[in-house]
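# Working through the structure, step by step
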Amino acid sequence: MNYLLIHNCARPFVLAGLLFATLPAAAAAADNLIQNSSFEMRSGPRRDYPAEPWGYDDLDTLSRSPWAHWGYSGFFAGDYEIKLGPGRTGAMCARLICRQRGRGGICTDTLRVKPGTKLHFRGFFKAVGAKGPCFVNLEGDPGDGWATINLPAAPDYDWTEVAGEITVKPPRAKREIGADGKISIYLFIYTKAYGELWIDDVTLTPIDSAKP
Ligand SMILES: [Ca+2]
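Residues numbered from 1 in each chain as written. Predicted model: local features only at pLDDT ≥ 70, side-chain atom pairs only at ≥ 80, totals over all residues.

### Regarding the environment of Ser73
Checked against the element boundaries, Ser73 lands in strand β2 (residues 70-73). You can call Ser73 buried: it has 21 C-beta atoms within 10 Å. Sequence separation between Ser73 and Cys107 is 34 residues, and the spatial gap between their C-alpha atoms is 8.3 Å. (Helix = DSSP H or I, 4+ residues; strand = E, 2+ residues; numbered from the N terminus. Buried ≥ 20, exposed ≤ 12 C-beta atoms within 10 Å, placed from the backbone.)

Structure below.
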């Protein structure tokens, strides 16, 4: 009798646990262009360029980040550092910490998309005394800052979802569309603020393919 009671009680609990464990991962995985969206994968042993595009001297002003598939820069006139933080989901998030105000940022690997593609951006952010602008900046073949999404202006806020829709612009002069019909873009997350910006669960998903 006791066995049956335990069995009946435990089963719904297990099912609920499975749902919580699998749904967010499945929803983020299918069409999301950004790898390591939740900052759970460390960068591991260094690889040769171009397998690891960031992290050699001041190549493209970006250096290695602690996370696979992300670059980091804190050298645009300011002095920022990047640290691990407790995750909004999973174990980790990225923390950009200002020591001298300028511009710090993280950047995705190269993302290949067709011009005209509509993309849905979604990310979660937290600010601790972040006095100054923080924003998402799209760069690459269409130019630097061909789309921008501002983060909340308040210096302090708990985990907050920021979302926006953007359309990939054609390549600027002298840049060409590849044989696959695609161009290269990069998603940067910048802080020009003092204090700390926390980042987790960043996705960029083609809108059409997200529809059933
Ligand atoms: Ca995470």
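There is more to say after this.
### Re the nonpolar core
By size, the foremost hydrophobic cluster in this structure holds 38 residues, and its most contacted members are Ala94, Ile106, Phe125, Leu197 and Ile199. Sorting the residues of this core by element identifies β2, β3 (79-86), β4 (92-100), β5 (104-108), β7 (118-128), β8 (134-140), β11 (183-191) and β12 (196-206) as the ones contributing at least two each. Among the elements that take part in this core, β11 stands out by supplying six residues, more than any other. Look past the residues within four positions of Ala94 in its chain and what remains in contact with it is Phe39, Trp67, Ile82, Gly85, Ile106 and Ile199. (Core = buried A, V, L, I, M, F, W, Y, C linked by C-beta atoms within 7 Å. Contact = placed C-beta atoms within 7 Å.)

### With respect to the confidence of the model for the protein
In the predicted model, the protein carries a mean pLDDT of 83, and the fraction of residues at 70 or more is 78%. Considering only residues more than four positions removed or in separate chains, one finds that residues 1-27, a stretch of pLDDT under 50, has one contact. (pLDDT = per-residue confidence, 0-100.)

### Re the pairing of strand β9 (residues 147-150)
Along a regular strand, successive side chains alternate from one face of the sheet to the other. In this structure, β8 lies alongside β9, joined through four bridges in antiparallel fashion. By the bridge assignment, Val136 is partnered in β9 with Ile149. Hairpin connection from β8 to β9: six residues lie between these consecutive antiparallel strands, with Gly143 at a positive phi of about 115 degrees. (Pairing = 2+ DSSP bridges.)

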